Amino acid sequence: MNMSKSWTGPTNAQQQAQTEIADRLADVGFVLPGSLTVRSTRCGKSNCACHADPPRLHGPYAQWTRRHKHLNLTPDQQADYQQYFDNAKELRNLTRQLETLTLSVIENDPRFANRTTPTEHFDESRH
Ligand SMILES: [Zn+2]
(Lines give C-alpha, C1' and ligand atoms only; values in the text may rest on other atoms or scores of the structure.)
Protein backbone atom coordinates (compact mmCIF):
# COMPACT_ATOMS: atom_id res chain seq x y z
CA MET A 1 0.00 0.00 0.00
CA ASN A 2 1.24 3.45 -0.93
CA MET A 3 1.09 5.51 2.30
CA SER A 4 0.80 8.79 0.41
CA LYS A 5 -2.58 7.54 -0.80
CA SER A 6 -3.98 6.79 2.67
CA TRP A 7 -6.75 8.90 4.12
CA THR A 8 -6.12 10.06 7.69
CA GLY A 9 -9.71 11.02 8.60
CA PRO A 10 -10.73 14.14 10.55
CA THR A 11 -8.09 16.38 12.11
CA ASN A 12 -8.22 17.22 15.83
CA ALA A 13 -9.69 20.62 14.93
CA GLN A 14 -12.37 18.99 12.77
CA GLN A 15 -13.14 16.51 15.54
CA GLN A 16 -13.48 19.43 17.96
CA ALA A 17 -15.80 21.28 15.56
CA GLN A 18 -17.96 18.15 15.25
CA THR A 19 -18.23 17.89 19.04
CA GLU A 20 -19.31 21.53 19.28
CA ILE A 21 -22.04 21.04 16.65
CA ALA A 22 -23.18 17.83 18.42
CA ASP A 23 -23.48 19.74 21.72
CA ARG A 24 -25.66 22.37 20.03
CA LEU A 25 -27.76 19.65 18.35
CA ALA A 26 -28.45 18.14 21.76
CA ASP A 27 -29.91 21.47 22.90
CA VAL A 28 -32.24 22.05 19.93
CA GLY A 29 -35.41 20.80 21.63
CA PHE A 30 -38.75 20.21 19.88
CA VAL A 31 -38.97 20.91 16.16
CA LEU A 32 -41.98 21.34 13.87
CA PRO A 33 -41.72 20.45 10.17
CA GLY A 34 -42.82 22.85 7.46
CA SER A 35 -42.77 26.63 7.66
CA LEU A 36 -44.66 29.39 9.43
CA THR A 37 -45.70 32.45 7.45
CA VAL A 38 -47.66 35.45 8.66
CA ARG A 39 -49.64 37.33 6.05
CA SER A 40 -52.44 39.84 5.66
CA THR A 41 -55.03 39.13 2.96
CA ARG A 42 -57.83 40.54 0.81
CA CYS A 43 -61.21 38.80 0.66
CA GLY A 44 -63.53 38.37 -2.34
CA LYS A 45 -66.00 41.13 -1.43
CA SER A 46 -65.29 44.15 -3.63
CA ASN A 47 -67.04 46.55 -1.20
CA CYS A 48 -64.92 45.38 1.80
CA ALA A 49 -62.39 47.68 3.50
CA CYS A 50 -59.61 45.39 2.27
CA HIS A 51 -60.24 46.72 -1.26
CA ALA A 52 -60.45 50.39 -0.16
CA ASP A 53 -57.78 53.00 -0.83
CA PRO A 54 -55.80 52.78 1.41
CA PRO A 55 -56.74 49.13 2.02
CA ARG A 56 -57.39 47.69 5.48
CA LEU A 57 -56.26 44.11 5.03
CA HIS A 58 -57.56 41.11 6.99
CA GLY A 59 -55.23 39.52 9.49
CA PRO A 60 -52.39 39.16 10.00
CA TYR A 61 -52.94 35.41 9.94
CA ALA A 62 -50.34 32.85 10.91
CA GLN A 63 -50.25 29.99 8.44
CA TRP A 64 -48.38 26.73 8.86
CA THR A 65 -47.41 25.29 5.49
CA ARG A 66 -46.40 21.69 5.13
CA ARG A 67 -46.38 19.43 2.04
CA HIS A 68 -48.15 22.11 -0.02
CA LYS A 69 -51.00 22.26 2.52
CA HIS A 70 -51.83 25.22 4.76
CA LEU A 71 -53.20 25.28 8.28
CA ASN A 72 -54.26 28.51 9.98
CA LEU A 73 -53.04 29.02 13.53
CA THR A 74 -54.68 31.16 16.19
CA PRO A 75 -52.49 33.96 17.61
CA ASP A 76 -51.91 32.02 20.84
CA GLN A 77 -51.00 28.90 18.86
CA GLN A 78 -48.50 30.96 16.90
CA ALA A 79 -46.99 32.24 20.15
CA ASP A 80 -46.84 28.72 21.62
CA TYR A 81 -45.35 27.08 18.49
CA GLN A 82 -42.96 29.86 17.37
CA GLN A 83 -40.08 28.35 19.36
CA TYR A 84 -40.60 24.95 17.69
CA PHE A 85 -40.34 26.55 14.25
CA ASP A 86 -37.26 28.51 15.38
CA ASN A 87 -35.76 25.27 16.71
CA ALA A 88 -36.40 23.56 13.36
CA LYS A 89 -34.53 26.38 11.61
CA GLU A 90 -31.63 25.97 14.02
CA LEU A 91 -31.63 22.20 13.38
CA ARG A 92 -31.44 22.75 9.59
CA ASN A 93 -28.65 25.30 10.11
CA LEU A 94 -26.67 22.87 12.29
CA THR A 95 -27.25 20.03 9.80
CA ARG A 96 -25.82 22.21 7.01
CA GLN A 97 -22.80 23.11 9.19
CA LEU A 98 -22.22 19.43 9.97
CA GLU A 99 -22.49 18.50 6.29
CA THR A 100 -20.08 21.28 5.28
CA LEU A 101 -17.64 20.20 8.00
CA THR A 102 -17.84 16.56 6.91
CA LEU A 103 -17.29 17.55 3.28
CA SER A 104 -14.10 19.33 4.41
CA VAL A 105 -13.06 16.14 6.23
CA ILE A 106 -13.22 14.04 3.07
CA GLU A 107 -12.22 16.82 0.67
CA ASN A 108 -8.54 15.93 0.85
CA ASP A 109 -9.01 12.17 0.63
CA PRO A 110 -6.22 11.16 -1.76
CA ARG A 111 -8.52 8.54 -3.30
CA PHE A 112 -10.15 11.47 -5.13
CA ALA A 113 -6.77 12.25 -6.72
CA ASN A 114 -6.95 13.04 -10.43
CA ARG A 115 -10.73 13.12 -10.18
CA THR A 116 -13.10 15.89 -9.24
CA THR A 117 -13.57 16.41 -5.51
CA PRO A 118 -17.09 16.06 -4.04
CA THR A 119 -17.37 19.85 -3.67
CA GLU A 120 -16.58 20.36 -7.35
CA HIS A 121 -18.71 17.42 -8.45
CA PHE A 122 -21.85 18.45 -6.58
CA ASP A 123 -21.12 22.18 -7.04
CA GLU A 124 -21.85 23.29 -3.46
CA SER A 125 -21.97 26.96 -4.49
CA ARG A 126 -25.07 26.47 -6.62
CA HIS A 127 -27.63 26.33 -3.80
ZN1 LIG B 1 -62.18 41.99 2.88
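Here the structure is a predicted model, which means the values were calculated and not measured.

Calculation rules
Residues numbered from 1 in each chain as written. Predicted model: local features only at pLDDT ≥ 70, side-chain atom pairs only at ≥ 80, totals over all residues. Pairing = 2+ DSSP bridges. Helix = DSSP H or I, 4+ residues; strand = E, 2+ residues; numbered from the N terminus. Axes fitted to C-alpha atoms, helices over the stretch in contact; angles between N-to-C directions. Buried ≥ 20, exposed ≤ 12 C-beta atoms within 10 Å, placed from the backbone. Expected span 1.5 Å × (residues − 1). Bend = angle between axes of the 7 residues up to and from the residue.

Asks: How do you make sense of the sheet that holds strand 1 (residues 35-41) when you look at a structure like this?
Replies: Sheets are built from strands paired through backbone hydrogen bonds, the pairs being either parallel or antiparallel. Across the sheet, 3 strands lie side by side as 1-2-3; this open sheet has antiparallel pairing. Because the sheet does not close on itself, it has two edges, and the strands there are strand 1 and strand 3 (69-73). Direction aside, neighbouring strands of the sheet carry axes that sit 35° apart on average. Examined bridge by bridge, strand 2 (residues 58-66) and strand 3 share 5 bridges and lie antiparallel to one another. Looking across to strand 3, one finds that Ala 62 is bridged to Leu 73.

Asks: What is the right way to look at the pairing of strand 1 in this model?
Replies: Each regular strand carries side chains that alternate between the two faces of the sheet. Among the 7 residues that make up strand 1, 0 are buried, leaving the element largely open to the surroundings. Of the strand pairs in this sheet, strand 1 and strand 2 are connected by 6 bridges, and their pairing is antiparallel. Residue pairing for strand 2: Leu 36 is matched across the bridge by Trp 64.

Asks: Help me understand the environment of Thr 11, please; the structure alone is not making it clear to me.
Replies: Structurally, the position occupied by Thr 11 is in the segment before helix 1 (12-26). On the neighbour-count criterion, Thr 11 (12 C-beta atoms within 10 Å) is exposed. Considering only alpha carbons, one finds Thr 11 and Val 105, 94 residues apart in sequence, at a separation of 7.7 Å.

Asks: Please clarify how helix 2 (residues 75-107) should be interpreted in this entry.
Replies: Because each turn of an α-helix spans 3.6 residues, side chains separated by three or four positions end up pointing in the same direction. Helix length check: helix 2, at 33 residues, gives a terminal C-alpha distance of 47 Å against a target of 48 Å (1.5 Å per residue), a fit within 8%. Most pronounced at Tyr 81, the bend in helix 2 amounts to some 45°.

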